[in-house]
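Residue-level structure breakdown
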Amino acid sequence: MTFKCPPSLQLETDAKRPKVSADHISAFSDTSSDVGDLEDFSRLFNTLDSWDSETSNGPTTFGANEVTETTVPQLTVFLEKRALSNQEARNNFPEQPKRFMQAELELQGTLEEMQVLAANPELYPILAEQTRPISLLLGLLAHENTDINLSVIDLLHELLESSCLQEAGLDKVNQFLEVLFSGQLIQSLIQNISRLDETKKDEADGVHKTLGIVESLLEIRPDMNVIMANQGLFEWLLRRLQKRPVFDKNKLYVSELLSVALQMDEANRL
């Protein structure tokens, strides 16, 4: 069976996130706990194994109908290759953004290309076997470039779209969800959105999509509600609800999710 969701994959290419530019490539100097341990993130890249040269020279773009059990791991190899290339370029030329801009563009492009997997949730069991790339993907939420963070959120938002997961069936997607949960998905998302500036439209949209990811997970796996709360979700929702402005679309979304979380489990009310 071929799945047609989510419809957002059918948008014109000019509707995709704008490519990063030299002006947007600036490293975060904040290494507080809200941002996450960037040293651990760097070590993750440094421990990546070398990839098969023949595979890395293959095509990097697939249509939804071209994704198979073989192309799923191939796409994740491209992700590993480009993430490592980007990290090496940043390490070698930390004060010269133009020297790592191309690697940044390639990484962002790969994240966009991987959205095609969302149209094939029947292959999520194969994706779930790619544990190292999934860990790497979650690590990219701590990337120094906000455009990369937002591209990861875009990808996760597509992969975890609720109606698509439900259409595929829990038996097809559950292993993938378990890998994400064991990789501290919620904690990584919360650490990332805590540093986003909601006065900027693209970053406010990133927060909104992150809340959409949470909503989808609560719908497909309500049993994970307390675990998600323990990974920082409930605390962040409460903090965000108290922030100014008095009302905006994200605050409305937060209040709705908080209400759902409270209704789902009595432990969240304590």
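Not measured: the values here are computed from a predicted model.

With that settled, consider the overall build of the chain. Along the chain, the regular secondary structure elements total 14 helices and 0 strands. Going from the N terminus to the C terminus, the chain shows its helices and strands as α-α-α-α-α-α-α-α-α-α-α-α-α-α. Residues counted as buried form 50% of the 270 residues belonging to the chain. Accessible surface, the chain: about 13,100 Å² in total, of which carbon and sulfur atoms supply 50%.

With the rule as written, the count across this model stands at 1 aromatic pair. Lying over the aromatic face of Phe93, Arg99 brings its terminal NZ or CZ to 3.9 Å of the ring centre.

If charged atoms from side chains of opposite charge come close, those side chains can pair. Applying the stated criterion across every chain, the model contains 11 salt bridges. Linked by salt bridges that have partners in common, Glu178, Arg221 and Asp223 make up one network.

Bringing the packing of helix H11 (residues 201–220) against helix H14 (residues 249–264) into the picture now. The N-to-C vectors of H11 and H14 enclose an angle of 20°; their axes lie 10 Å apart at closest approach. Classified by the angle between their axes, H11 and H14 sit roughly parallel to one another. In the packing of H11 onto H14, the handedness of the crossing is left-handed. Residues Ala204, Asp205, Val207, His208, Leu211, Gly212, Val214, Glu215 and Leu218 of H11 lie in contact with H14, whose contacting residues are Lys249, Asn250, Tyr253, Val254, Leu257, Val260 and Met264.

This brings us to unusual backbone geometry. What you tend to see is this: most non-glycine residues have negative phi, and most peptide bonds are trans. Its identity is not glycine, yet Gln184 carries a phi of approximately 60°, on the positive side. Locating Gln184 in the fold gives a position in the loop between helix H9 (170–182) and helix H10 (185–193).

A separate point is empty space enclosed by the protein. In total, this model carries 1 cavity of 30 Å³ or more according to the counting rule given. Lining the largest cavity are Thr76, Leu79, Met114, Leu117, Leu127, Pro133, Ile134, Leu137, Leu155, Leu159, Phe176 and Leu180. Taken together, the elements giving at least two residues each to the lining of the largest cavity come down to helix H3 (71–92), helix H6 (131–139), helix H7 (146–159) and H9. The leading source of residues in the lining of the largest cavity is H6, at 3 residues. A breakdown of the residues in the lining of the largest cavity according to their chemical character gives 11 nonpolar, 1 polar and no charged.

Definitions and cut-offs
Residues numbered from 1 in each chain as written. Predicted model: local features only at pLDDT ≥ 70, side-chain atom pairs only at ≥ 80, totals over all residues. Heavy atoms only, no water. Helix = DSSP H or I, 4+ residues; strand = E, 2+ residues; numbered from the N terminus. Buried < 20%, exposed > 50% of the residue type's maximum accessible area, 1.4 Å probe, protein only. Areas by Shrake-Rupley, 256 points an atom, 1.4 Å probe, with all protein chains shown as cover. Phe/Tyr/Trp six-rings, centres within 6.5 Å; stacked < 30°, edge-to-face > 60°. Lys NZ or Arg CZ within 6 Å of the ring centre and 35° of its normal. Salt bridge = Lys/Arg side-chain N within 4 Å of Asp/Glu carboxyl O. Axes fitted to C-alpha atoms, helices over the stretch in contact; angles between N-to-C directions. Parallel < 35°, antiparallel > 145°, perpendicular 65-115°, else oblique. Left-handed = near helix turned anticlockwise from the far one by under 90°. Contact = heavy atoms within 4.5 Å. 1 Å grid on protein atoms, 1.4 Å probe; cavity = no way out; pocket = protein on both sides within 12 Å on 5 of 7 lines; lining within 4 Å. Points joined across faces, edges and corners; volume = space filled by probe spheres on them. Nonpolar A, V, L, I, M, F, W, Y, C, P; charged D, E, K, R; others polar.

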